[in-house]
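Take a look at the letters that make up each chain.
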Amino acid sequence: MAQVEKLLKYQQTDEKMLALEKETSQSEERKNFVQAKAFLTKAPEKLEALEAKAVELNALLDKLNKKYEEIYETLADFDHMDELIDGGADISFYKKNVLQITEKLKSIKSEVSALSKSIKDADEEYQSMKKKTISVQKQYAEYSEVYKKYKESKLTEVNKVKKELDVLAKEIDPEVMRKYEEKRSERIFPILCPVKSGRCSKCGNELSLVGKEKLSGGGVTECENCHRILYNE
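Residues numbered from 1 in each chain as written. Predicted model: local features only at pLDDT ≥ 70, side-chain atom pairs only at ≥ 80, totals over all residues. Heavy atoms only, no water.

Chemist: So what exactly am I meant to see when it comes to the overall build of the protein here?
Modeler: For the protein, the helix and strand inventory stands at 6 helices and 4 strands. Going from N to C terminus, the protein has its helices and strands arranged as α-α-α-α-α-β-β-α-β-β. Against the 2.2 N^0.38 benchmark of 17 Å for 233 residues, the protein shows a C-alpha radius of gyration of 37 Å, more extended than a compact globule. Dimensions of the protein, computed from the C-alpha atoms along their principal axes, are close to 120 × 45 × 25 Å. For the protein, the residues scored as buried account for 29% of the 233 residues in total. Pairs at least 24 apart in sequence give 72% of the contacts found in the protein among residues at least 6 apart. Counting every atom, the protein has about 16,100 Å² of accessible surface; 51% of that belongs to carbon and sulfur. When the 43 positive and 44 negative side-chain charges of the protein are each reduced to one mean point, those points stand 8 Å apart. (Helix = DSSP H or I, 4+ residues; strand = E, 2+ residues; numbered from the N terminus. Rg over C-alpha atoms; globule rule 2.2 N^0.38 Å. Buried < 20%, exposed > 50% of the residue type's maximum accessible area, 1.4 Å probe, protein only. Contact = heavy atoms within 4.5 Å. Areas by Shrake-Rupley, 256 points an atom, 1.4 Å probe, with all protein chains shown as cover. Lys, Arg positive; Asp, Glu negative; His and termini not counted. Charge placed at Lys NZ, Arg CZ, Asp CG, Glu CD.)

Okay, structure coming up:
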């Protein structure tokens, strides 16, 4: 049997393997397993980031509260305002200062309120994330077992096709087989395609003179556009 015929037979059998791989990759069992695994992989980093955010927000809150207390204490300087007025002090000056301090306190109080809400939101997000992580951890154990059993149920069929491929591969030129496997890994399929009117039957690209010479000698060549292996029917 010519190399091209052997390779075509190999590709025909490999198509069965590709169908099995596709069926497995698109199965609900795998999707559930992959989603749970992806979530748990990112969860520690997410929880750590939320913790760091909470620490940062609390530190800011402490600073604001201290600042509020410090400014509030300055109002004590005006406790004896009546005496200062009786002594002839300018009341407008003291009123202006009290007003400025009061405005600062209002501003800081508003910041404290907004920051407190942010801390509450961050804590709720952390608790929600933690709760979900625990839930997904339980699901992951279940999904792992279900996916494992699913793969085992396909193992007999996969091994059967694999044995057929191993037998066929022994009769194909190692270099051609290497190129085939390389393209298979790139998810190109079908890999082996016929030439029609001097063009690749898959993408329509015209063969170069060198490519045509290879085919005329009974060999195979590579499409310069889609990189499939080409042959003359």
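Chemist: I tried to follow the packing of aromatic side chains on my own but got confused; where do I start?
Modeler: Within the structure shown, the criterion is met by 3 aromatic pairs. Centre to centre, the rings of F33 and Y140 are 5.6 Å apart; their planes meet at 20 degrees, and the pair counts as stacked. Here Y140 lies in helix α4 (residues 91-169) and F33 lies in helix α2 (residues 28-74), a separation of 107 residues in the sequence. Owing to a relative accessible area of 16%, F33 belongs among the buried residues under this scheme. Among the aromatic side chains, those forming a connected cluster through ring pairs are F33, Y140 and Y147. (Phe/Tyr/Trp six-rings, centres within 6.5 Å; stacked < 30°, edge-to-face > 60°.)

Chemist: Please clarify how the nonpolar core should be interpreted in this entry.
Modeler: As a rule of thumb, soluble globular proteins bury nonpolar side chains together. Ranked by size, the top nonpolar core spans 17 residues in total, and within it L7, Y10, I172 and Y180 carry the most contacts. When contributions to this core are tallied by element, the ones reaching two or more residues are α1 (3-25), α4, α5 (174-185) and β4 (229-231). Of the residues forming this core, the biggest block, 5 residues, is contributed by α1. Those residues in contact with I172, other than ones at most four positions away along the chain, are Q3, K6, L7, Y10 and M177. (Core = buried A, V, L, I, M, F, W, Y, C linked by side-chain atoms within 4.5 Å.)

Chemist: Please explain the pattern of salt bridges as it appears in this structure.
Modeler: Opposite charge on two side chains lets them pair, provided their charged atoms get close. Inspection of the entire model under this criterion finds 13 salt bridges. Two residues, E125 and K46, come together in a salt bridge whose shortest N-O distance is 3.6 Å. Here E125 is found in helix α4, whereas its partner K46 is found in helix α2, with 79 residues between them in sequence. E125 gets classed as partly exposed once you look at its relative accessible area, which sits at 35%. Taking the relative accessible area as the measure of exposure, K46 reaches 37% and is therefore partly exposed. (Salt bridge = Lys/Arg side-chain N within 4 Å of Asp/Glu carboxyl O.)

Chemist: Where do I start with unusual backbone geometry in this structure?
Modeler: Most peptide bonds take the trans configuration, and most residues that are not glycine carry a negative phi. In this model, F189 is joined to P190 through a cis peptide bond whose omega is 0 degrees. With respect to the helices, strands and loops of the structure, P190 is situated in the loop between α5 and β1 (192-196). Here the phi dihedral of R187 falls at roughly 65 degrees; this positive angle occurs in a residue that is not glycine. With respect to the helices and strands, R187 occurs in the loop between α5 and β1. Residues other than glycine seldom take positive phi values, yet H227 does so here, at roughly 65 degrees. By the element assignment, H227 lies in the loop between β3 (221-222) and β4.

Chemist: Which parts of the structure should I look at to understand the sheet that holds β3?
Modeler: Where strands meet in a sheet, backbone hydrogen bonds hold them as pairs that are either parallel or antiparallel. Read from one edge of the open sheet, 4 strands run β2-β1-β4-β3, paired in mixed fashion. Of all the strands in the sheet, just β2 (199-200) and β3 have a single pairing partner and so form its edges. Here β3 runs beside β4; their pairing, made up of 2 bridges, is antiparallel. Residue pairing in the sheet places T221 in a bridge with L230 of β4. (Pairing = 2+ DSSP bridges.)

Chemist: Would you explain the pairing of β1 in this entry?
Modeler: Where a strand is regular, its side chains alternate between the two sheet faces. With 4 of its 5 residues buried, β1 lies for the most part within the structure. Bridging between β1 and β4 involves 3 bridges; their strand directions are parallel. If you follow C193 over to β4, its bridge partner there is L230. The hairpin formed by β1 and β2 contains 2 residues between the paired strands, and S197 there has a positive phi angle of roughly 55 degrees.

Chemist: For this particular structure, what's the right way to read the side chain of T24?
Modeler: Within the secondary structure, T24 sits in helix α1. Accessibility expressed as a relative area gives 17% for T24, which makes it buried.

Chemist: Explain α2 here, please?
Modeler: Given 3.6 residues per helical turn, the α-helix brings residues three or four places apart onto the same face. Over its 47 residues, α2 runs 67 Å from end to end, which matches the ideal 69 Å to within 8%, given 1.5 Å per residue. Its maximal kink placed at A43, α2 deviates by approximately 35 degrees, while the proline P44 follows within four residues. Buried within α2 are the following residues: F33, A36, F39, L40, A43, L47, L50, L57, L61, L64 and I71. (Expected span 1.5 Å × (residues − 1). Bend = angle between axes of the 7 residues up to and from the residue.)

Shape is all these values report; function is a separate question.
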